[in-house]
Amino acid sequence: MLPFIRIPDLIPPLTHPSLPKDLDSLGRRLALHLWLISTICWWVVGAAFSAIWWRVNADQFRWVVICYVWEVPVVGWLGVVGGTWLLWRRMVRRHKAGHPEVTRDITRLPRRTGLLALAVSSGGYTLGAVQLRLLAALPYVEASKVLVQGVVLGVILGAAAYLLAEAAIRHSALPVGGVAGTGLYGRLMVVGAAVALGFGMPMFLLGLTQEQARLEAIRGHQLDDILAATAGDAEALTRALGAAGGHTTAFVVDRATGRIVAGAGAPMLLEDAGIDDIGRILTGPDGWFTSRQRLDQVVATRSLAGARPPGLVLVAVSPFRDYARDLERTALLALAALVVAMAIGFAVLRALALSLVRPLARIRDVATEMASGKIDVVPVAYPGTDEIAALASAFDRMAARVRADEQELRTAYQRLISTQAELLQEAKLSSVGRLVSGVAHELNNPLTAILHLTDEVAAIPHLDAEDRELLLVVHQQAQRARAIVRDLLAAVRGRDVRRERVPLKPLVLGVVARLQNIANGKGPSLVADLPDDLPDLDADPTGVEQVLVNLIQNGAQSAGPGGIVTVRIRAIETGVCIVVDDSGAGMAPEVLPRIFEPFFTTKREGEGTGLGLFVTLGIVEAHGGTIHAENLLPPGTGARFTIVFPSAGPAVTDAPVVDAAPAPPSAATGRILIVEDEPAIRLSLRRWFIRRGWDVVEAVDGDDGLAQCLAAAVGAYDLVLTDLKMPGLSGVDLVDRLAIVRPDLHSRVIIMTGDVASPDVAALIGRTDRPIVEKPFSFNALTEVVGRVVAGKK
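Everything quoted here is computed from the prediction, not taken from an experiment.

Participant: Please give an account of the sheet that holds strand S11 (residues 626-631) that cites residues and values.
Facilitator: One open sheet holds the five strands; their spatial order is S7-S9-S10-S12-S11, and the pairing between them is mixed. What marks the edges here is a single partner per strand, and that holds for strand S7 (525-529) and S11. Sheet twist, expressed as the mean angle between neighbouring strand axes with direction ignored, is 15°. Pairing of S11 with strand S12 (residues 639-646) involves six bridges; the strand directions are antiparallel. Within S12, the position partnered with His-628 by the bridge is Thr-642.

Participant: A description of empty space enclosed by the protein should follow, citing residues and the corresponding values.
Facilitator: If a probe the size of a water molecule is rolled over the atoms, the empty space left behind becomes visible. Under the definition given, this model contains three cavities of 30 Å³ or more. Considered as a void within the structure, the largest cavity measures approximately 170 Å³ in volume. Contributing to the lining of the largest cavity are 16 residues, with Cys-67, Tyr-68, Glu-71, Gly-124 and Tyr-125 lying nearest its centre. Of all the elements in the fold, those that place two or more residues in the lining of the largest cavity are helix H2 (58-96) and helix H3 (102-135). The element best represented in the lining of the largest cavity is H2, accounting for seven residues. Considering only residue class, the lining of the largest cavity consists of 11 nonpolar, four polar and one charged.

Participant: Could you give me a rundown of the sheet that holds strand S3 (residues 287-291), with the residues and numbers involved?
Facilitator: Taken together, the five strands give an open sheet; going across it, the order is S2-S1-S5-S4-S3, and neighbouring strands pair in antiparallel fashion. Of all the strands in the sheet, just strand S2 (259-263) and S3 have a single pairing partner and so form its edges. Ignoring strand direction, the axes of neighbouring strands in this sheet form an average angle of 30°. In this structure, strand S1 (residues 249-254) lies alongside strand S5 (residues 312-319), joined through six bridges in antiparallel fashion. Counterpart to Val-253 in the pairing with S5 is Val-313.

Analysis parameters
Residues numbered from 1 in each chain as written. Predicted model: local features only at pLDDT ≥ 70, side-chain atom pairs only at ≥ 80, totals over all residues. Heavy atoms only, no water. Pairing = 2+ DSSP bridges. Helix = DSSP H or I, 4+ residues; strand = E, 2+ residues; numbered from the N terminus. Axes fitted to C-alpha atoms, helices over the stretch in contact; angles between N-to-C directions. 1 Å grid on protein atoms, 1.4 Å probe; cavity = no way out; pocket = protein on both sides within 12 Å on 5 of 7 lines; lining within 4 Å. Points joined across faces, edges and corners; volume = space filled by probe spheres on them. Nonpolar A, V, L, I, M, F, W, Y, C, P; charged D, E, K, R; others polar.

As structure tokens, this is what we get:
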């Protein structure tokens, strides 16, 4: 039988890795496999089965061989091999043409191939049974065996064809996604049906044939005994044969003529009586045998001794119907037992298939969900020790690992995004720093000249009022430009702050009071919610004040007239928390992530530079603190800025950088050397010092300034005012050389600079004790520094 044949030992399997994936080649290999399987099924297995349970005479056997010889190639191969090849070719043509139904054809091919094999086998054996019935007078019992054998072999061949076609499609990589096929459950049931019928029906037919032979032997011996007991007594013979069956008859044959001379059928010839092997009646010994001519029947013979004429033989014939009642009952019981056994087997097989398919289906569904992006899936594991339970348990462990890895990836991705944002911000700050370092000096020099010269011109007593007003506008715009440059410098230099113990509550109240006075009732109300037990802050008071001013001013502009800006401060475990709320409309969602970016502003042109919050962020971070912006709830009720300053930190001191705070004029006079490469600044400084009684000497650059210092006698200059960035010898080099060769003049040096962020200037600030004024500075600030240096305080 087919299940015991190892096809892979005969030809390479369809899924062998060395086979080409060409569709025509795969189709030819599928046809070759089907030819081999069908040949084995019909000629090897089929012929063996026929010899086991078909009961035929010699003439019928010849016709059986003829049927096998012509039907297997013509009906079988053309039907199974040729039909499958045509289905494959049609599928390939539709695939190459891009037909929309090709995926359905591909999926249905295994089922169609299996059904085709079943139909061809059943139809071929049915055709053979009809031929044998008509041409060889095959009994109907034997013809029914032929029909059953065709179905049994068709189921086996159909299952094999189904699996072969499915393997061919699987190896071809044809598109089958999205179309429902038979699936694992269907394959298991098909294989189960083939196995059940392949074993069950042959056993049934074999048992039926053996029972038939046993009953024929019993009837033959019975007829033989009747003829022996009633020879010469016609009445007793009739009674005995009637008891054997209503269709059992007897007649006398003349061996010399072969004609029935008495009894049923007289006076016909014996060859017309429907009995094969008549030669045994005419010439053979007494006894019994079975006849297969049109009917299965048992024939017994007994020579009549002393009969006249001599050579007469008494023949008794009992047809299948007279002795088959027990066979029919046995067959029905066996068939019922077979059906019940197959039903139980199919139920067990179905339960087994479902026990495999359902867990696999759950794993497949969950895997599909995971493939679509859903990570939180339900567990699929179930109690058990079999391989499927182990697979489900392993899948759950894999899903848990995927969830953990996905969470780690999300965390790493968020860290990456945060790091990218920080790097982007640092890159922006670095770019702004390089820009400011290169441009601040160039901006501050003309701003210094503008501010100083407008101060000088504004001091003219007889200046026209209208001209004075225009001059004031120029002065105010120059001051505004100076504020922009200072904000840029404050942001990019990292604010190495000078920390000191700062009473926080008086500082905040002072800022609120000052800003409230500036508003003068036309802006929003400023409310300070400050507890009495606020701790002092270890910080730079100027920086903290600038942070509060920036946030309160932004909140006031957002709240508008009639609004409220509230400042709340609370001591927390890690330091001090400052909260500034306003009653404005809040910030748009697309604005909120960008408010700390440099040069980003939502104000109208001319009202803001986009540097206030950027500078605020730099000050807070320089103190080791954090700042956070958010909208109040419900939306549209305002915005909130939350700042946390740490409770303590190491103090860091700057070189003495003097701001532009006003100071009382000094009466100091003397001789001053101004080293400055900008003519406009030299002009403004010369005019200012000359008006105050100073003797002014000018140097156009660092080399000129060093030459004049080296040539001057001790005490020749009371002050040396030098810029740092100059062509040739820089102010940094000038100060360093004076410290070595003219320490008397080095102690009289005042440094001017428009860029404290550049590396060389920052290095000088870190090591020098000379006073530094940042351009553009006011004359009041310069007066205060000059007075201290002349007085010997610095």
